[in-house]
Amino acid sequence: MFIKLLRFLIFIVIFYCNSDCSLFAQQFKLPETITDKDYISNAVIFRVKPEYRSLCTEQGVSIPALTKIFDLINAQTVWKKFPGKKSPETDLNKYGEKMEDLSLIYELKYSNTIKIQDAANYLLSSGVLIYAEPHYLPQLLYVPNDPAADTSNTATFKQCALKQVKAYQAWEIQEGDTNIVVGISDTGTEVFHPDLLPNNKINYYDPINGIDDDNDGFTDNYYGWDLGENDNNPQYNTIGHGVFVSGITAGVVNNSIGIAGIGFKSKYLPVKIDNATGSLVMAYESIIYAVDHGACVVNCSWGGYSGAGQFGQNVVNYATNNMDALVVAAAGNSDNDYLIYPASYNYVLSVANVDCSDIKAPTSSYGSRIDLSAPGLSVYSTWVNGGYTFSTGTSFSAPLVAGAAAILKAHFPLYSAIQIAQQLKSTTDYIDAIPANLSYAGQLGTGRLNLYRALTESGIPSVVMLTKVVGDNNDGTFTGHDTLRIWGTYKNFLAPTSAGFKATLTSTSPYVQVLNNSTTLGIIPMLGTKDNSIDKYTVKILPSIPVGYSIDFKLKYEDVSLGYVAYDYFSVIANIDYINIDTNKVASTVTSKGRIGYNQVNYQQGLGFTYNNGASLVSTGGFLIGSSTGMVSDNIYGSTSGNYDDDFKLQKVVRKIIPPVISDFETTCMFNDSLAGSTKMGLSIRHNAFAWDSAGAENFIIHEFIIKNNSTTTYPMLYCGIYMDWDISTDDGLSDRANYDATNKMGYVFSSLGGVHAGIKLLSPGTVHHYAFDNDGGYNGSSSSIKIIDGFTGFEKYNALKTANRNLAGVNNNGNDVSDLMSTGPFSLIPGDSATVAFALLAGDNLTSIQGSAEVADELYNHTSSVNEMITDKNPLLLEVTPNPVSDRCKITFNIPESGNVSITIIDSKGKEVLFLLNAITGIGYHQLTPEISSLGAGMYQVCLSYKSKVYSRYITIVK
């Protein structure tokens, strides 16, 4: 909503390229937790759609729609992230996993002052990209300690972690292999540290002679590579973190000095990722370098809440599926269950931190995405200047697991990277039952690393639920009294299960009752799959379940004959208080509290309002109603900048009507204004939404509001309407304009650059009011606007609701940040009385398009044209009952082509006539009844119309 500076030249350039560029592609939103310190300024990573491959080269891209955007943002350099990468020759690897294509990923640097989010959205507006996002900067995941003062103990005793994970016993079986390489993606190593140098993976094919002898694009990468500063010296620069990490994995064993790395004979490949100032500028790129240079395991003791978006997952997919390498990552030191990346990406082995007693370390992150735990508290390892020290963090739990994975790879050379990970997970020591860990049960992974068990227990299965389907055979909102049916596909990565293998579902939630909790999956061979679609788990949701409640489930895998027990965890959100409507060309979200587009503020929980699968065209929207300047209720912007009102309280959660009665997709909910405090009016509002998927009716959603006065006060001057803060143009709506179409009673907004239009149309009878806002309070040639960017007070809202009419906004040369309000009133509401208002929210390619949609919406809602006979040809009399559901009084409309006797009755679900409404000769044309039906109980009924020996019916739901 807020004004953002953008120079006039930018608008001219966009306007110039508009004929070639789609300005309404997908949209990038910078995560709320991210600051400008979490990404490289003026740098964007993007991936080109494969259909434009012929226009992409090693040097850059030459797609006209994209190069014009390059000019717009003053792109200085554009380069391919991974030169030489080709599209995979096959879609799947030998294990059936999807291969990743890195060949169309690029990065650019630009010099314009445009913010990073806007730059990404300009690039996306070209329509030729899969994604565009910042170059994120992760952080090191450790908690520094002072150097150890106690030198009386031997190094062995200082390395209690090795004893804890049974490394000494494991080495009796397998010492690893010098051909197995662990990539250490970090801040560099101390190349000539006596406890590290012998285990450095030397590249003998490219000695230090100033020539790229092995033709890999990196000259003299003999000891590794410094990606952060782009040279052949992986020696640490400003931060010794990588030196410490390297020792845990690869400290030389049996050299009579220092420490022993768990990887024993395994080699390590140092890949330095930080620049001269210590920023981790080449973190994800280092994973590619490591696997391309022989690493079968890559350790990442760094991360961030932002991850690297889709780019980061692309990198992990390539390492895992294309190169068969395992990525191990630290889970974080935030002492919470927030997702840290890369640890939370698919395929990554995420490692939490425990102390020497297997108790969760105080700082360690936890959660259902953790795979296993390993010691990381007061770890002893190599340090700078040939020294050693102690330190703490998941940064040092992860390399212990990475080194263990290298040992396993030597022992099980035919195992894939995923199988190595599963072997480590399935042979851990269970630690959830330790009293101090009870509150973290299921959130520390399968347990604590045990390398000895991982080497010796080779007959154990490892089953994972790859896909999950949850349904309720109804509307998918999972509300009270619903029965969930849960099933999925299970893959076994290791030894075959026996005929008695089963899975059991449990939940500790007090709001559910698990009915069918077990399924026998039987024999699943190694790398085989099976599903329980025939024998689904069933779970009854109790009526007392709170709104938006997360049901946590625990899945226990058990094979008694093999001694195999494992656990999986997942959650299902039940009783959600919003529904996405995407049945036609527009998609939006209906909430249970009057908001439209998003359930929460700041673009949270919802689709916004989109057209043709493009970016959201709205930032905030919703219903508002007022009886005076001191009594206005809504859930849109509040009286001060950055705040939102919260006047409406959910009474009945939004749900989908199945089967739909009026349209192809219908929802209903109820809320009141009881949260408005001293300004509440005692109103309840039933909100119904209708959408069609038939040709001609696919560009709008109708919102109907039935307002009931539950107070003892008469309100003679009520106004109500829909407010939408539209953002049509890709610069967060800064170049938008608003106007009014009196013929269609429709306010609409469009970009000054042309293209998509969006509008609000009043459908119900009554006086129409339109207020077009310049959000900065700007002048439209006749009046200054109510200013939105400093807050939207109740006084301002009521005046906007009743103003007739401010019809223009954004009238300057370049447009403006605008919003729009369509309202109706005044109407009087006595105690116990109800009134109905309805609006259509529309979008289309141009003004003519939304004008046509406005006419169709009017026809469908008000039945003013015979066009309805084409749209509802299975209902030739156009019999409709609104609202639906209904509580007290409904409206029955029908169209008679010839005079004749008409009989209308209401029958219940057992076929019994419960209410007689009409039996009379009726003339040609449209007719309307408004019967009182409050005497009928809650339930499903049919309104039956008998005419010329035929009966026409419509279902109606009565609610109380």
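Residues numbered from 1 in each chain as written. Predicted model: local features only at pLDDT ≥ 70, side-chain atom pairs only at ≥ 80, totals over all residues. Heavy atoms only, no water.

Trainee: Before we go on, may I ask you to explain the overall build of the protein in this structure?
Mentor: When helices and strands are tallied, the protein shows 15 helices and 47 strands. Computed over C-alpha atoms, the radius of gyration of the protein comes to 32 Å, within 12% of the 30 Å expected from 2.2 N^0.38 for 960 residues, which places it in the range of a compact globule. Taking the principal axes of the C-alpha coordinates as reference, the protein spans close to 105 × 70 × 55 Å. Buried positions account for 59% of the 960 residues belonging to the protein. By sequence separation, contacts in the protein at least 24 residues apart represent 70% of the contacts at least 6 residues apart. Side-chain charges in the protein split into 64 positive and 90 negative, and the spacing between the mean points of these groups amounts to 6 Å. (Helix = DSSP H or I, 4+ residues; strand = E, 2+ residues; numbered from the N terminus. Rg over C-alpha atoms; globule rule 2.2 N^0.38 Å. Buried < 20%, exposed > 50% of the residue type's maximum accessible area, 1.4 Å probe, protein only. Contact = heavy atoms within 4.5 Å. Lys, Arg positive; Asp, Glu negative; His and termini not counted. Charge placed at Lys NZ, Arg CZ, Asp CG, Glu CD.)

Trainee: Where do I start with the confidence of the model for the protein in this structure?
Mentor: In regions of low pLDDT, the predicted coordinates are not meant to be interpreted in detail. On average, residues of the protein score 88 in pLDDT, and 93% of them reach the 70 mark or higher. Note on residues 1-25: pLDDT is under 50 here. Beyond four places in sequence and across chains, it has 69 contacts. Across residues 864-874 the pLDDT falls below 50, and counting only partners more than four positions away or on other chains, this stretch makes 16 contacts in the model. (pLDDT = per-residue confidence, 0-100.)

Trainee: Whenever I open this one, the side chain of asparagine 775 confuses me. Can you help?
Mentor: Position of asparagine 775 relative to the elements: it lies in the loop between strand 38 (768-774) and helix 13 (794-802). Only 2.8 Å separates the side chain of asparagine 775 from the side chain of serine 819, close enough to count as a polar contact. (Polar contact = N/O pair within 3.5 Å; in protein donor to acceptor, adjacent residues only side chain to side chain.)

Trainee: I would appreciate a short explanation of helix 9 (residues 309-322) in the present structure.
Mentor: Helical periodicity: at 3.6 residues per turn, an α-helix aligns residues three or four positions apart in one direction. The end-to-end C-alpha separation of helix 9 is 20 Å, in line with the 20 Å expected for 14 residues at 1.5 Å each. With twelve of 14 residues buried, helix 9 lies mostly within the body of the structure. Residues of helix 9 that are buried: Phe311, Gly312, Gln313, Asn314, Val315, Val316, Asn317, Tyr318, Ala319, Thr320, Asn321 and Asn322. Tucked into the core, helix 9 has its buried residues touching strand 1 (39-48), strand 3 (105-110), strand 4 (129-136), helix 8 (283-292), strand 11 (326-330) and helix 11 (417-426). Following helix 9 by one or two positions, aspartate 324 has its phi on the positive side, about 55 degrees. (Expected span 1.5 Å × (residues − 1).)

Trainee: I keep staring at the environment of aspartate 725 and nothing clicks. Help me out?
Mentor: Here aspartate 725 lies in strand 34 (residues 715-726). Its relative accessible area of 0% is what places aspartate 725 among the buried residues. Sequence separation between aspartate 725 and alanine 676 is 49 residues; the distance between their C-alpha atoms is 22 Å. Within the structure, aspartate 725 has its side chain in polar contact with the side chain of asparagine 775 (distance 3.4 Å).

Trainee: Looking at this model, I keep getting lost on unusual backbone geometry. Mind explaining?
Mentor: Most of the time, phi is negative for any residue but glycine, and the peptide bond is trans. Put simply, tyrosine 341 and proline 342 share a cis peptide bond, and its omega is 15 degrees. Take proline 342: it is sitting in the loop between strand 11 and strand 12 (349-354). Proline 826 follows glycine 825 through a cis peptide bond whose omega is 0 degrees. By the secondary structure assignment, proline 826 is in strand 39 (residues 818-829). One non-glycine residue, asparagine 74, lies in the positive phi region at around 60 degrees. Within the fold, asparagine 74 resides in the loop between helix 2 (64-72) and strand 2 (75-80). The partly exposed category is assigned to asparagine 74, whose relative accessible area is 35%. With phi around 65 degrees, asparagine 613 is a residue other than glycine that occupies positive phi space. Tracing the sequence through the fold places asparagine 613 in the loop between strand 27 (609-611) and strand 28 (618-628).

Trainee: Looking at this structure, how should I read the sheet that holds strand 20 (residues 518-520)?
Mentor: Strand pairing in a sheet takes place through backbone hydrogen bonds and is either antiparallel or parallel in direction. Reading across from one edge, 20-18-23-24 is the order of the four strands in this open sheet, with antiparallel pairing throughout. On the outer flanks of this sheet lie strand 20 and strand 24 (564-574), each paired with one strand and no other. For this sheet the average axis-to-axis angle between neighbouring strands, irrespective of direction, equals 20 degrees. Relative to strand 24, strand 23 (residues 549-559) runs antiparallel, the two sharing eleven bridges. If you follow leucine 555 over to strand 24, its bridge partner there is aspartate 568. (Pairing = 2+ DSSP bridges. Axes fitted to C-alpha atoms, helices over the stretch in contact; angles between N-to-C directions.)

Trainee: Please explain the pairing of strand 13 (residues 372-375) as it appears in this structure.
Mentor: The two faces of the sheet receive side chains in turn, since in a regular strand these alternate between them. Burial of the side chains of strand 13 extends over both faces: Leu372 and Ala374 are buried on one face and Ser373 and Pro375 on the other. As judged from the four bridges shared by strand 12 and strand 13, these two strands associate in the parallel manner. Note on strand 13: the bridge partner recorded for valine 354 is proline 375.

Trainee: Looking at this model, I keep getting lost on the environment of methionine 526. Mind explaining?
Mentor: Summarising the element assignment, methionine 526 is placed in the loop between strand 20 and strand 21 (529-531). Looking at methionine 526, the relative accessible area reads 38%, which means it is partly exposed. The sequence separation of methionine 526 and leucine 162 amounts to 364 residues, and the corresponding C-alpha distance is 31 Å. Setting aside residues up to four positions removed in sequence, methionine 526 forms contacts with Tyr415, Gln419, Asn492, Phe493, Leu494, Ala495 and Pro496.

Trainee: Before we go on, may I ask you to explain the pairing of strand 29 (residues 631-634) in this structure?
Mentor: Inspection of the sheet shows strand 28 paired to strand 29 by four bridges, in the antiparallel sense. Bridge assignment links leucine 624 to a residue of strand 29, and that residue is aspartate 634. The turn linking strand 28 back onto strand 29 is made up of two residues.

Trainee: How should I be thinking about the packing of helix 8 against helix 9 in this particular structure?
Mentor: Two quantities define a packed helix pair, namely the angle between the axes and the distance from one axis to the other. For the pair helix 8 and helix 9, the least separation of the axes is 9 Å and the interaxial angle reads 10 degrees. Between helix 8 and helix 9, the crossing angle belongs to the class labelled roughly parallel. Only Phe311, Gly312, Val315, Tyr318 and Ala319 of helix 9 make contact with helix 8, whose side of the interface consists of Tyr284, Glu285, Ile287, Ile288, Val291 and Asp292. (Parallel < 35°, antiparallel > 145°, perpendicular 65-115°, else oblique.)

Trainee: Looking at this structure, I do not really get helix 11. What am I missing?
Mentor: A large share of helix 11 lies buried, amounting to ten of its ten residues. Turning to helix 11, its buried residues number three or more, namely Ala417, Ile418, Gln419, Ile420, Ala421, Gln422, Gln423, Leu424, Lys425 and Ser426.

Trainee: Looking at this structure, I do not really get the nonpolar core. What am I missing?
Mentor: Proteins that are soluble and globular tend to have nonpolar side chains buried together. Core analysis: the biggest nonpolar cluster contains 58 residues, and Val328, Leu400, Val401, Leu424 and Leu449 have the highest contact counts within it. A total of ten residues in this core trace back to one element, the largest contributor, which is helix 10 (residues 394-411). Setting aside residues no more than four positions away along its own chain, valine 401 makes contact with Val328, Leu349, Val351, Leu372, Ala374, Leu424 and Leu449. (Core = buried A, V, L, I, M, F, W, Y, C linked by side-chain atoms within 4.5 Å.)

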